[in-house]
Amino acid sequence: MTDPLALEPILGPRERLRPAFNDELPHDERFALFEAHVTRGGKVEATDWMPDEYRTAVLRFVEMHANSELMGVLPEREWLMRAPTLRRKLALTAKVQDEVGHAQLLYRVAEDLGKSREAMFDDLLAGRTKFHNVFHYPTVGWADVGMIAWLVDAAAIVAQQALRDSSYAPYARTMRKICWEESVHIMHGRDVVVTMATGSAAQHAAIQDALERWWGPLMQMHGPRSVREKDRDLHWRIKAKTSEELRQEFLTIYVPRIRELGLVIPDPDLEWDERAGTWRYAEPDWDELRAVVTNHGPMSQARLAFRRLAREENRWVRETILVAPRAA
Amino acid sequence: MSSPPELEAWEVFRQEKAGDPMRHGGSVMAPDAELASHYARELYGRRQESVRLWVVRRTDIVDVADPDLLQPPLDRSFKKPGGYPMRDKLAAAREISGQAKPKARSK
Amino acid sequence: MSVVSAPTVALGELLRSMADDEFVIGFSDSEWTGIAPLLEEDVAMSSLAQDELGHASALYGLLGEPTGTDPDALAYDREPEAYRHCRLLDHGRGDWAMTIARRYLYDSADAVRLAALAGGSWAPLAELVGKLVREERYHLMHVGAWLDRLARNDGEARARLLAALGELGGDAATVFTPLPNEPALIGAGILAAPMTVLEGRWRESIGPVFAELDLPMPPPASDPARGRLDHGDTFHLLWGAFTSVRYSEPGVTW
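Description of the structure in this document. (Residues numbered from 1 in each chain as written. Chains lettered and ligands numbered in written order. Predicted model: local features only at pLDDT ≥ 70, side-chain atom pairs only at ≥ 80, totals over all residues. Heavy atoms only, no water.)

### Overview of the overall build of chain C
Each helix and strand counted, chain C has nine helices and zero strands in total. Whereas a compact globule of 254 residues would reach a radius of gyration of roughly 18 Å, chain C reaches 18 Å, a difference of no more than 12%. With the C-alpha coordinates aligned to their principal axes, the bounding extent of chain C is approximately 55 × 45 × 30 Å. For chain C, with 254 residues in total, the buried portion stands at 59%. (Helix = DSSP H or I, 4+ residues; strand = E, 2+ residues; numbered from the N terminus. Rg over C-alpha atoms; globule rule 2.2 N^0.38 Å. Buried < 20%, exposed > 50% of the residue type's maximum accessible area, 1.4 Å probe, protein only.)

Right, dumping it as structure tokens:
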């Protein structure tokens, strides 16, 4: 309820809350106003003025996220044609469809920041931009499909929920939609895993094997520990939590849920430290992460090549019917 | 040979249930209104989450965001219910009349 | 009109042919998920494929009900030559023009078939058909929009569409392959007219569209009696893929 007794002072140009319209200010002052606005929790829209550093940081963040949704389709897609029941087939197709939909939402956000979709695909397929580590690994069986849909999605959701209040409002709104849609995926994944974990001996063994192969990439997924004060994405409130906070959150929720299925997590050092109030774990292999995200992972080149081929095969459609807008 | 239309952005507004206002959902790229409407249905309605959609070419939208127009600085409390505080005056009136404050009506 | 209280052999053949049609096209087109020409279109084509799979599930449900056979068993546990989908759908998804051509021919034919089943005497099927018709409207709207755009393009898009229609050739009309024991279905009031008559109605419905777009009408089916048999290598490969996980350990729950 507005304070009825407050008389709003007449604000001069230097005190207005919307620095975007302070065209007459020198850049440094405008930058300072913008920074104060964002660090106080203010929001930024696509059409607002923003300093280059902010625009670049948001674009890079969103672009990597979009790339990851697009590439993340591929490991699961391999199993679309092999789903063993009608219901699993429908669930998996819907899940992969959602990921394509999320890619669409995220590329749209990035496009409105000034980079064309075709340019982003060019950069991704040429290896100039990155996608998340987990999508560089092979899937060897149906158990992997369950494991990815459950734990990889879970780790992603932990990160995504923390982005729902991003300073860049179009991204924040997209994250809220994505989080709402993702809740189904985890249930599908967990259902596949629980079914197999409690199924035949061969199925249980397959799930245990999948866990052993995916645990390393999962622990690397949120990234190495960063220093909060030095993290520019945190400074600009593009994201709100550190890598370590996200990893801890993931462990807290999912370690008990994995163990209750009788599965053994392949990290003998993993334990809850009551005094510190954190999980202790074997140090993830950061060299592996670095190699993988620079496209030296087991499936990096094969998947990029697959995408290049699909893009080439559809080129005629983009030249005749779905013509990309010419660069402004 | 006429050149085909380019993809452009179409804004999608959606109605969650009958009687609700149209709310902005997001945007789709499409070469024309027909495909734009299909894509809007897919991205903002395939889960039966909407009962109505509006699809508008982005370039047809007039964006008004100037704070001088929308948030002008001088007092405008006379335009809002909160601009008429009467608590003290009513307390004085009740003292004079000896009447208690009327009970709040239940909704 | 006599009401059929349980599926006869003829009804079983009808349900199987429809369910297999929806299953095969749904499976085939779901392959576009993730690799369609535009992200927005990717989501659309995936919805169409999922709808078909949902329709297949419902039809297998009706088919299996009298014997208590699980829809998954009906969908998965048959040898390739025991499937009764039409040969039109034996063609793989091909390029985007092939997918649109094949889909347009199928969806327009399916609309005529469904119209001939609407309000039929066997309530469970009539009810289901009422729902399918409402979902299939969107399919025809969407692929019709694509047929139109591909055909009107005066370049590679039209050329590819014509090539696809040519390749589909004598398989295009196989949706209307006469069913075994068809007279029984007509006599029982389940099917409004024989498949040969429905084919005529189909040709009347797509005739104006094809004329306007200057597309050649599909030829008659090349081997009408065998239009739902002799499925060929492409389907055998698809079958190998969709049964691989299920057959890896028969009998377990997935």
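Having seen it, we continue.
### Digging into the overall build of chain B
When helices and strands are counted, chain B shows three helices and three strands. Mapped in sequence order, the helices and strands of chain B form the string β-β-α-β-α-α. Against the compact-globule benchmark of 13 Å for 107 residues, chain B has a radius of gyration of 25 Å, which places it well outside the compact range. C-alpha atoms of chain B, sized along the principal axes, occupy 85 × 35 × 15 Å. Expressed as a percentage of the 107 residues in chain B, the buried residues total 29%. For chain B, the accessible surface area stands at approximately 7900 Å², while carbon and sulfur atoms represent 54% of it. Here chain B holds 19 positive side-chain charges and 16 negative ones, and the gap between their average locations is 14 Å. (Areas by Shrake-Rupley, 256 points an atom, 1.4 Å probe, with all protein chains shown as cover. Lys, Arg positive; Asp, Glu negative; His and termini not counted. Charge placed at Lys NZ, Arg CZ, Asp CG, Glu CD.)

### Describing empty space enclosed by the protein
Using a probe with the size of a water molecule, rolled over the atoms, empty space left in the structure can be pinpointed. All names here are of chain C. All chains considered together, the criterion is met by two cavities of 30 Å³ or more. Size it by volume and the second largest cavity reaches roughly 40 Å³. In terms of lining, the second largest cavity is formed by Met-18, Glu-22, His-55, Leu-59, Tyr-106, Asp-110, Arg-113, Leu-114, Leu-132 and Glu-136. Among the elements of the structure, helix 1 (9-29), helix 2 (39-64), helix 4 (96-117) and helix 5 (123-152) are those that each provide at least two residues to the lining of the second largest cavity. (1 Å grid on protein atoms, 1.4 Å probe; cavity = no way out; pocket = protein on both sides within 12 Å on 5 of 7 lines; lining within 4 Å. Points joined across faces, edges and corners; volume = space filled by probe spheres on them.)

### Focus: the pattern of salt bridges
The full count for this structure, using the stated rule, is 64 salt bridges over all chains. The partner of Arg-173 of chain A in a salt bridge is Glu-45 of chain A, and the shortest N-O contact between them spans 2.8 Å. Here Glu-45 of chain A lies in the loop between helix 1 (27-39) and helix 2 (52-77) and Arg-173 of chain A lies in helix 6 (residues 169-197), a separation of 128 residues in the sequence. One connected set of salt bridges, linked through shared partners, spans Arg-108, Glu-111, Asp-112 and Arg-117 of chain A, Glu-11 and Arg-58 of chain B together with Glu-40 of chain C. (Salt bridge = Lys/Arg side-chain N within 4 Å of Asp/Glu carboxyl O.)

### A few points about the pairing of strand 1 (residues 8-15) of chain B
All names here are of chain B. Of all eight residues in strand 1, seven are buried; the element is thus mostly enclosed. Of the pairings in the sheet, the one linking strand 1 to strand 2 (residues 23-30) comprises seven bridges and is antiparallel in character. From the neighbouring strand, Glu-11 faces strand 2, where its bridge partner is Ser-27. (Pairing = 2+ DSSP bridges.)

### Quick word on the packing of helix 2 of chain A against helix 11 (residues 300-313) of chain A
All names here are of chain A. Packing of helix 2 against helix 11 brings their axes to within 11 Å, and their N-to-C directions diverge by 100°. When the interaxial angle is binned, helix 2 and helix 11 end up roughly perpendicular. In contact with Leu-70, Met-71, Val-73, Leu-74, Pro-75 and Arg-77 of helix 2, helix 11 contributes Arg-303, Leu-304, Phe-306 and Arg-307. Counted by class, the contact of helix 2 with helix 11 contains seven nonpolar, no polar and three charged residues. (Axes fitted to C-alpha atoms, helices over the stretch in contact; angles between N-to-C directions. Parallel < 35°, antiparallel > 145°, perpendicular 65-115°, else oblique. Contact = heavy atoms within 4.5 Å. Nonpolar A, V, L, I, M, F, W, Y, C, P; charged D, E, K, R; others polar.)

### Structural notes on the packing of aromatic side chains
Residues and elements named next belong to chain C. In this structure the tally under the stated criterion is 26 aromatic pairs over all chains. Between Trp-32 and Trp-96, the aromatic rings sit 5.1 Å apart at their centres with planes inclined by 80°, giving edge-to-face as the arrangement. With Trp-32 in the loop between helix 1 and helix 2 and Trp-96 in helix 4, this residue pair connects regions lying 64 residues apart in the sequence. Across the pair, Trp-96 and Trp-32 agree in class, each one buried. Both rings, one in Tyr-104 and one in Phe-210, keep their centres 6.1 Å apart while their planes meet at 40°; by these two values the pair is tilted. Highlighted residues: Tyr-104 in helix 4 and Phe-210 in helix 8 (residues 195-212), separated in sequence by 106 residues. According to the relative accessible area criterion, Phe-210 is buried, its value standing at 1%. These aromatic residues form a ring-pair network of at least three members: Phe-23, Phe-27, Tyr-60, Tyr-76, Tyr-83, Phe-235 and Phe-242. (Phe/Tyr/Trp six-rings, centres within 6.5 Å; stacked < 30°, edge-to-face > 60°.)

### As for the interface of chain C and chain A
Taken together, the contact between chain C and chain A spans 47 residues of the former and 42 residues of the latter. When chain C packs against chain A, close to 3800 Å² is buried across both sides, 68% of that on carbon and sulfur atoms. The largest share of the area that chain C buries against chain A comes from Leu-39, Gln-50 and Trp-254 of chain C, three residues that together contribute 20% of it. Here chain C is connected to chain A by one salt bridge. Among the ionic pairs, Arg-117 of chain A bridges to Glu-40 of chain C, the shortest N-O distance being 2.8 Å. Where chain C touches chain A, the interface holds 18 residue pairs in polar contact (both at pLDDT 80 or more). With 11 residues, the top contributor of residues to the side of chain C that touches chain A is helix 2 of chain C. Classifying every residue of the side of chain C that touches chain A by side-chain character gives 25 nonpolar, 12 polar and 10 charged. (Buried area = accessible area lost by both parts, 1.4 Å probe. Polar contact = N/O pair within 3.5 Å; in protein donor to acceptor, adjacent residues only side chain to side chain.)

### Re the interface of chain A and chain B
At the interface, 33 residues of chain A touch 30 residues of chain B. Together chain A and chain B conceal approximately 2500 Å² of surface at their shared face, both sides included; 55% is due to carbon and sulfur atoms. Arg-326 of chain A is paired through a salt bridge with Glu-6 of chain B; the nearest N and O atoms lie 2.7 Å apart. At the junction of chain A and chain B, the tally comes to 10 residue pairs in polar contact (both at pLDDT 80 or more). Broken down by secondary-structure element, the contributors of at least two residues to the side of chain A that touches chain B are helix 3 (86-111), helix 6 and helix 12 (315-320) of chain A. Element by element, the count of residues in the side of chain A that touches chain B is highest for helix 3 of chain A, at seven residues. Per-class residue counts for the side of chain A that touches chain B are 15 nonpolar, six polar and 12 charged.

Keep in mind that these numbers describe shape and distance, not what the molecule does.
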